[in-house]
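# Structural characterization, general
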Amino acid sequence: MAESTKQSEARRSLDRPLTTLSSSSGPLAEELQCSICLDVFTDPVSTPCGHNFCKSCLNQSWDSSQTYTCPLCKDIFRRRPDLKINTALREVVLLFKGMSVESKSEVLCDICDDIKMKALKMCLVCQSSYCQTHLEPHQRVPKLKKHKLIDPVENLEHFICQKHEKPLELFCRDDHTCVCFLCAVTNHKTHNTVSVEEESAERKPQLKTMQTDVQQMIQDRIKRIQDLKHAAKLRKETSEKEKAESIDLFTDLIGSIERCQSELLEMMEQKQKAAEKQTEELIKELEQEITELKRRDTELEQLSHTEDHLLLLQIYPSLSRPAHTSSWTEISNDTHVSVDALRKTLIQLQETLDEKLRKTISTELKKMQRYAVDVTLDPDTAHPNLVLSDDGKQVAFGEIKLKLPDNLKRFDTCPCVLAKEGFSSGRFYFEVQVKGKTKWDLGVARESINRKGMITAAPETGYWTVFLRNDNQYEANESSPVSRSLRGKPQVVGVFVDYEEGLVSFYDVESSSHIYSITGQSFTEKLYPYFSPCNKEGENAAPMIISHVR
């Protein structure tokens, strides 16, 4: 408030110094110039790329185009940015315009008859303006020389007492106002009055200080604008760097998967070829043994009918020895060994991929946690059966239905509640503990959702959520619900929203694993965090708790 008062006094009292300063403010004028209309900003707004324009100029530019592009750097925006007036820049513009006010219009001589000449002085006693010629009597006649002369002004009434029509030659320090000598001896006779010259002499150092303060305020705001531009540039560079790092990380991961896949396929192909070769060799060996056994069978058949006993006794020892055959018990064992080795390789590959994926998600989750927001439950939206904690961080289903005013914001059928905080741009992240629950719903909802009667949660109706049913059935609310098979049961769920990208993602915070992402959305309204602890069926009495993001 003190600074605002000082600025107002400076604007009223420093016309001459400000005009002088404006003559040397060329760089400032360039900084405060709209590149579309080439004039000083009117209602300045900033684009996401950090450039400034008049609000009306930028709107007209975008209204006549099918794309939303920065007129200066040509950056293209996927959606039309919501333009809000840059109040800090507007204040600088107002100060600059005060500095650049043109000199007062020319005052003409009141005495000239035909062609009015420019007035050189004004007399507060005569209350008239005089050119060089008609001023001569005031410089020559002794009585007139005593009159009070000032530089020509348009608003002479500001220098004349409206009550007594006398010059305001005195200043009342008690009432902080200029008075004439008649006022000084009547209404102000007990007050401390001094001549305006004396008071002016005392105030000039103060005016100098005020001028210095105003100039410093201008420089501070210019520096603030430069800092904001620099910060925006750094944010853009950091975002691009993070995107590049993410692309590199996923590229390495994909490359690793492809290498593992190639190695696995090559190993499987080698084992297949080895198995085929072994099979061919075994078949060949078996065929040879069959041929040998058939030959022996023929010999035995012939000898069994021979009458040559001597020949039978001579050949019998060689025929009675068992034929040479291989043992086939090893074949089955080798096959099992190959299958076991393959299964072990697949398990190792899966473990490697899981670990890489976990590290990737953990890294991404830490980046999202930078956008953590403080979320508090809104009691005006809570279903009458819901019990909210005093700090607005916990919600549970109560058996007793409270008597609450049925306002337009309140859910009257489904046990739901929204947060007080809504978001219409940027990114935000929050975490909710769902430990001990067998049913819950969690996500975000747009401001205009239907809150009365039964609710069908889907993006088309303004809900972007995931939910749990029957202790282990997880689903995401797309146009058609999508079932999710999770390895573990999440105890804390993280919700990340990128408004401009149209993205809503859910994570198991403790295991650093991804639950589901709803993508490709187009948000046009405020989004509010959405919670439903559901009813107390079975063991579902535990509350949902908004966690502090670590």
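Residues numbered from 1 in each chain as written. Predicted model: local features only at pLDDT ≥ 70, side-chain atom pairs only at ≥ 80, totals over all residues. Heavy atoms only, no water.

### Digging into empty space enclosed by the protein
Defined as follows: Lining residues are those with an atom within 4 Å of a point, where the points come from a 1 Å grid over the protein atoms alone and group into cavities, where a 1.4 Å probe fits but cannot get out, or pockets, open sets with protein on both sides within 12 Å along at least five of seven lines. Grid points are joined across faces, edges and corners, and a volume is the space filled by probe spheres set on the points. Starting at the N terminus, helices and strands are each numbered in turn, a helix being any DSSP run of H or I of at least four residues and a strand any DSSP run of E of at least two.
Under the definition given, this model contains two cavities of 30 Å³ or more. Estimated volume of the second largest cavity: approximately 50 Å³. Going through the elements one at a time, α3 (26–31) and α9 (196–303) are the ones with two or more residues in the lining of the second largest cavity. Per-element accounting of the lining of the second largest cavity gives the leading share, three residues, to α9.

### Observations regarding the confidence of the model for the protein chain
Worth spelling out the cut-off: Note on scores: pLDDT gives the predictor's confidence for each residue, bounded by 0 and 100. Working rule for contacts: check all heavy atoms of both residues, and any pair within 4.5 Å makes them a contact.
Mean pLDDT over the protein chain works out to 82, with 83% of the residues at or above the 70 mark. Under a pLDDT of 50 for its full length, residues 328–337 has, in the predicted model, five contacts with residues more than four places off or in other chains.

### Comments concerning a nonpolar patch on the surface
The line we're drawing: In this scheme, patches are assembled from residues that exceed 30% relative accessible area and form no salt bridge. Like charges are connected within 9 Å, while nonpolar side chains (Val, Leu, Ile, Met, Phe, Trp, Tyr) are connected within 5 Å. We get accessible surface area from the Shrake-Rupley algorithm with a probe of 1.4 Å; when it comes to residues, only the shown protein chains can shield them. Only one rule defines a salt bridge in this text: a Lys or Arg side-chain nitrogen within 4 Å of an Asp or Glu carboxyl oxygen.
Together, Ile400, Leu402 and Leu404 make up an exposed nonpolar region whose accessible area comes to about 290 Å². Assignment of secondary structure puts Ile400 in the loop between β12 (394–397) and β13 (417–418).

### Topic: the pattern of salt bridges
Cut-off, in case you're wondering: Exposed residues in this analysis have more than 50% of their type's maximum accessible area, buried residues have under 20%, and partly exposed residues fall in between, with area computed by a 1.4 Å probe over protein chains only.
Enumeration over the complete set of coordinates arrives at 21 salt bridges. Here Glu501 and Arg78 are joined by a salt bridge, their closest N and O atoms 3.0 Å apart. Of this pair, Glu501 sits in the loop between β19 (492–498) and β20 (503–508) while Arg78 sits in the loop between β4 (76–77) and α5 (87–99), and the two are 423 residues apart along the sequence. The exposure class assigned to Arg78 is exposed, which follows from its relative accessible area of 62%. Salt-bridge contacts for Glu364 lead to Lys367; the nearest nitrogen and oxygen are separated by 3.8 Å. Residue Glu364 and its partner Lys367 are both found in helix α11 (residues 329–368); the two are separated by three residues, about one turn of the helix. A relative accessible area of 18% places Glu364 in the buried class. Connected through salt bridges with shared partners, the residues Arg173, Glu198, Glu199, Glu202 and Arg203 form a single ionic network.

### Looking at the side chain of His138
With respect to the helices, strands and loops of the structure, His138 is situated in helix α6 (residues 136–140). A relative accessible area of 6% means that His138 is categorised as buried. Not counting the four nearest positions on each side in its chain, His138 is found in contact with Cys123, Cys126, Tyr130, Leu144, Lys145, His147 and Leu149.

### Focus: unusual backbone geometry
Its identity as a non-glycine residue notwithstanding, Leu38 has a phi of 60°, on the positive side. Relative to the elements of secondary structure, Leu38 occurs in the loop between α3 and β1 (44–46). We note that Ser512 has phi near 50°; this positive angle belongs to a residue other than glycine. Counting through the fold element by element, Ser512 comes out in the loop between β20 and β21 (513–518). Ser512 sits in the buried class, given a relative accessible area of 11%.

### Describing the sheet that holds strand β6 (residues 128–130)
Defined as follows: Criterion used throughout: strands pair if DSSP finds at least two bridges between them.
In space, the three strands of this open sheet follow the order β6-β5-β7, with antiparallel pairing throughout. Both outer strands of the open sheet, β6 and β7 (149–150), are each paired with one neighbouring strand and no more. Here three bridges tie strand β5 (residues 121–123) to β6, and the two strands are oriented antiparallel to one another. Bridged to Lys121 within β6 is Tyr130.

### So, the packing of aromatic side chains
In this description, a pair of aromatic rings is defined by centroid distance and the angle of the planes. Quick reminder of the rule: The aromatic pairing rule takes the rings of Phe, Tyr and Trp, using the six-membered ring of Trp, and pairs them if the centres are within 6.5 Å, calling planes under 30 degrees apart stacked, those over 60 edge-to-face and the rest tilted.
On inspection of all chains with the given rule, the structure shows 10 aromatic pairs. Ring plane angle 75° and centroid distance 5.3 Å describe the contact between Tyr463 and Tyr530, whose orientation is recorded as edge-to-face. In this pair, Tyr463 sits in strand β16 (residues 463–469) while Tyr530 sits in strand β22 (residues 527–532), placing the two residues 67 residues apart along the sequence. Given a relative accessible area of 1%, Tyr463 falls into the buried group. On the basis of relative accessible area, Tyr530 is assigned to the buried category, the value being 4%. By the ring-pair criterion, three or more aromatic residues cluster together here, those being Trp62, Tyr68 and Phe77.

### Details of the nonpolar core
In plain terms, the rule: The term nonpolar core refers to a set of buried residues drawn from Ala, Val, Leu, Ile, Met, Phe, Trp, Tyr and Cys, joined through side-chain atoms within 4.5 Å.
Phe430, Trp440, Leu442, Val497, Val504, Phe531 and Met544 are the most contacted members of the largest nonpolar core, which totals 35 residues. Not counting chain neighbours up to four residues away, the residues in contact with Trp440 comprise Val434, Val466, Phe467, Leu468, Arg469, Tyr474, Val493, Ser532, Cys534 and Met544. Grouped together as the second largest cluster of nonpolar side chains are 23 residues, Cys34, Phe53, Trp62 and Cys70 included.

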